[in-house]
Amino acid sequence: TRQSGLKAQKGKDEFRQALEDLSGKSIEIEMKVNEKGEFYRKVGAKAIAEKLKKSGIAAEDIALDENSITKPGEYSIPVRHGEISGNISVKISTK
């Protein structure tokens, strides 16, 4: 229907704007580590999607190499919403 088409376009426009707003910035996720300095659990697409959603971005697809992040650092993560795609910077730090 025409209304669902308008809603889909609005979602794409909001996603595109959110990607532009995040350009040059990074989403930060803090993880607890054990005595060896290793994460208790891996950082996967679900954790990144939740953090993005809190920042106002609803990504349909988040691509991760090897499906998860296992150590602290800054990562460029490909994201997609419909035919709109881009990269976001995600910084994983320890608590």
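Before reading on, note that the structure itself is shown above.
Residues numbered from 1 in each chain as written. Predicted model: local features only at pLDDT ≥ 70, side-chain atom pairs only at ≥ 80, totals over all residues. Heavy atoms only, no water.

K.L.:
Quick question: what am I supposed to make of the overall build of the chain here?
P.N.:
For the chain, the helix and strand inventory stands at 2 helices and 6 strands. When the helices and strands of the chain are placed in sequence order, the string is α-β-β-α-β-β-β-β. Out of the 95 residues in the chain, the part that is buried amounts to 29%. Sequence-distant contacts, at least 24 apart, represent 48% of the contacts inside the chain between residues at least 6 apart. With an accessible surface of roughly 6700 Å², the chain has 45% of that area assigned to carbon and sulfur atoms. (Helix = DSSP H or I, 4+ residues; strand = E, 2+ residues; numbered from the N terminus. Buried < 20%, exposed > 50% of the residue type's maximum accessible area, 1.4 Å probe, protein only. Contact = heavy atoms within 4.5 Å. Areas by Shrake-Rupley, 256 points an atom, 1.4 Å probe, with all protein chains shown as cover.)

K.L.:
Quick question: what am I supposed to make of the nonpolar core here?
P.N.:
Note that soluble globular proteins tend to have their nonpolar side chains buried in a common cluster. Counting 22 residues, the largest nonpolar core has Val43, Ile48, Leu52, Ile77, Ile88 and Ile92 as the members making the most contacts within it. Counting residues per element, the ones that place at least two in this core are helix 1 (2-22), strand 1 (26-31), helix 2 (45-54), strand 5 (73-81) and strand 6 (84-94). Setting aside chain neighbours within four positions, we find Ile92 in contact with Ile29, Met31, Phe39, Val43, Ile69, Lys71, Pro72, Gly73 and Tyr75. (Core = buried A, V, L, I, M, F, W, Y, C linked by side-chain atoms within 4.5 Å.)

K.L.:
Just to check I follow, could you spell out the pairing of strand 1 for this structure?
P.N.:
Two faces, one strand: in a regular strand the side chains alternate between the faces of the sheet. Where burial is concerned, the two faces of strand 1 differ: the one with Ile27, Ile29 and Met31 is buried and the one with Ser26, Glu28 and Glu30 is not. As paired elements, strand 1 and strand 6 share 6 bridges and run parallel to each other. Bridge pairing in strand 6 links Ile27 to Val90. (Pairing = 2+ DSSP bridges.)

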